[in-house]
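Below, each chain spelled out in residue letters.
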Amino acid sequence: MRKNVIHVTLGLLAVLLGNTHAMAVQESRLVGQAMHCAAIFSVLSQAFANDPGKGPKFSKGLEVLTEVYLKEQPSPTGAAGLAEAVQRRSEAVKAVHAAWPSQGAALREDGVMCGAWVEGFLGQGDRYQFVPVYPKVVAPHVRGQYQTLLEEAMRR
């Protein structure tokens, strides 16, 4: 009986460790959201680069989202990690452009949600102290601010 308990316990431990490793390999939801929003803010920052009111804000949002992505990565760090993030963001931007004709409405809403999320970061000042919760509800003034920006950026 005791031998069976030990075997069952070791078996459960092996399964638990295997599942833990599999979860660690998978990307966290925060990483995925940060990269998707970084792609949207990359489109916005490129389109409004010459706009003195929007350009710096979108560039800062892009910087913050890329930093969140990098901080959530288990490895690599430093220049290699940044190069990987830039490459991945570039691929995500291409995916946004490819999806725009068929999924424009959903991407416009993503632009609103990402904009609201970035507002939570930027509202903390020059250096954010915490990662705000990805929004589920957006204030009307923020929605109004971001609702048409991605569409306008995609036309440029």
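Residues numbered from 1 in each chain as written. Predicted model: local features only at pLDDT ≥ 70, side-chain atom pairs only at ≥ 80, totals over all residues. Heavy atoms only, no water.

1. A closer look at the overall build of the chain
Part 1: For the chain, the count of helices and strands is six helices and zero strands.
Part 2: Ordering the α and β elements of the chain from the N terminus gives α-α-α-α-α-α.
Part 3: Here the chain holds 156 residues, and the buried ones make up 35% of them.
Part 4: A sequence separation of at least 24 residues applies to 69% of the contacts in the chain between residues at least 6 apart.
Part 5: Surface exposure of the chain reaches about 9,600 Å², of which carbon and sulfur atoms provide 59%. (Helix = DSSP H or I, 4+ residues; strand = E, 2+ residues; numbered from the N terminus. Buried < 20%, exposed > 50% of the residue type's maximum accessible area, 1.4 Å probe, protein only. Contact = heavy atoms within 4.5 Å. Areas by Shrake-Rupley, 256 points an atom, 1.4 Å probe, with all protein chains shown as cover.)

2. Focus on the confidence of the model for the chain
Part 1: The predicted model of the chain has a mean per-residue pLDDT of 85, with 83% of residues at 70 or higher.
Part 2: Per-residue pLDDT stays below 50 along residues 5-25; that stretch engages in zero contacts with residues further than four places along the chain or on separate chains. (pLDDT = per-residue confidence, 0-100.)

3. Digging into the environment of L62
Part 1: Mapping L62 onto the fold places it in helix α3 (residues 55-72).
Part 2: Expressed as a C-alpha distance, the spacing of L62 and I40, which sit 22 residues apart in the sequence, is 8.5 Å.
Part 3: Ignoring sequence-local partners within four residues, the contact set of L62 consists of A38, F41, S42, S45 and R89.

4. Some words on the packing of aromatic side chains
Part 1: Under the criterion given, the structure shown has seven aromatic pairs.
Part 2: On the basis of an interplanar angle of 50° and a centroid distance of 6.3 Å, the ring pair of F58 and Y146 is categorised as tilted. Of this pair, F58 sits in helix α3 while Y146 is found in helix α5 (residues 140-146), placing the two residues 88 residues apart along the sequence. Each member of the pair F58 and Y146 is classed as buried.
Part 3: An aromatic cluster is present here, built from F41, F48, F58 and Y146 joined pairwise through their rings. (Phe/Tyr/Trp six-rings, centres within 6.5 Å; stacked < 30°, edge-to-face > 60°.)

5. A look at the nonpolar core
Part 1: One finds F41, L44, L65 and L150 to be the most contacted residues of the largest nonpolar core, which totals 40 residues.
Part 2: Leaving out residues up to four positions away in the same chain, L65 has contacts with A34, C37, A38, F41, W117, V118 and F121. (Core = buried A, V, L, I, M, F, W, Y, C linked by side-chain atoms within 4.5 Å.)

6. Topic: helix α2 (residues 29-47)
Part 1: An ideal rise of 1.5 Å per residue puts 27 Å on 19 residues; α2 measures up with 27 Å between its terminal C-alpha atoms.
Part 2: Burial analysis of α2 places 14 of its 19 residues in the buried class, the great majority of the element. (Expected span 1.5 Å × (residues − 1).)

7. Brief notes about the pattern of salt bridges
Part 1: Summed over all chains, the structure comprises six salt bridges.
Part 2: With a closest N to O distance of 2.6 Å, K57 and E119 form a salt bridge. Taken together, the residues span a long stretch of sequence, with K57 in helix α3 and E119 in helix α4 (residues 78-122) at a distance of 62 residues.
Part 3: Of the charged contacts in the structure, one is a salt bridge between E152 and R156, with a shortest N-O distance of 3.1 Å.
Part 4: Residue R156 is classed as exposed on the basis of its relative accessible area of 57%. (Salt bridge = Lys/Arg side-chain N within 4 Å of Asp/Glu carboxyl O.)

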